[in-house]
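Structural characterization, general
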Amino acid sequence: CRHKPRFWWTRKGFDMPRLSPSHTQQTGLAAIEFALLGTFVMVPILLGIFVFWEVLQTQQVVSRATGDGARQVLRILQSPRERKANGAVQSDEEVRSAATALARDSISAMLRNHLSHVSDLSSRLTIELQPGEPGQWVLSVAYARPLLLGSVGGMNFIEPTALQARSVIHWP
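This write-up is about the structure you can find in this document. (Residues numbered from 1 in each chain as written. Predicted model: local features only at pLDDT ≥ 70, side-chain atom pairs only at ≥ 80, totals over all residues. Heavy atoms only, no water.)

Quick notes on the overall build of the protein
For the protein, the count of helices and strands is three helices and five strands. The order of helices and strands in the protein, counted from the N terminus, is β-β-α-α-α-β-β-β. A buried classification covers 23% of the 172 residues belonging to the protein. With the model as given, the accessible surface of the protein reaches about 12600 Å², and the carbon-plus-sulfur share is 59%. (Helix = DSSP H or I, 4+ residues; strand = E, 2+ residues; numbered from the N terminus. Buried < 20%, exposed > 50% of the residue type's maximum accessible area, 1.4 Å probe, protein only. Areas by Shrake-Rupley, 256 points an atom, 1.4 Å probe, with all protein chains shown as cover.)

Observations regarding the sheet that holds strand β4 (residues 136-144)
Strand order in this open sheet of three strands is β3-β4-β5, and the pairing throughout is antiparallel. In this open sheet, the two strands that pair with only one neighbour each are β3 (125-131) and β5 (162-170). When the angles between neighbouring strand axes are averaged without regard to direction, this sheet yields 15°. Sheet topology places β3 next to β4; seven bridges connect them, and they run antiparallel. What sits directly across from L129, in β4, is L139. Sitting on the sheet, helix α2 (residues 92-114) is in contact with β3 and β4, with an inclination near 145° to β3. (Pairing = 2+ DSSP bridges. Axes fitted to C-alpha atoms, helices over the stretch in contact; angles between N-to-C directions. Contact = heavy atoms within 4.5 Å.)

Written as structure tokens, this is what we have:
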């Protein structure tokens, strides 16, 4: 089977085949279908990929910052306790409060480097240091992230609103 050539040589030169009216209508219909497909399928998929990438990257930073904060807490827990002016040794609550403050500073600094576009980082960040099982402390970090795509009518179907990380510190 041979197919017809696209152009025919005639005495007047090249002659292009004439398109039927139904063929031109099909071409217009294909353009409309492509526009609808691009608008209602491809754009949401691309936005979803962008949001997933940003959430994954932020979760990685929150997890890494939590690990760094846990190392700072362990350093304070392992250091000898300071004596106060009256000769008393720091209580467990005072050590925990100092360790939490150091962890907050360390975690905030790391998140501030990654999340430079967030102005109210301190109000979005929750850090808790709680005793766990004997010989363990648990550092929990929660970050309430702003929505990238916004929400319509208070509904959000695609983006997580909070990212959390936890680190267990083993200390004898």
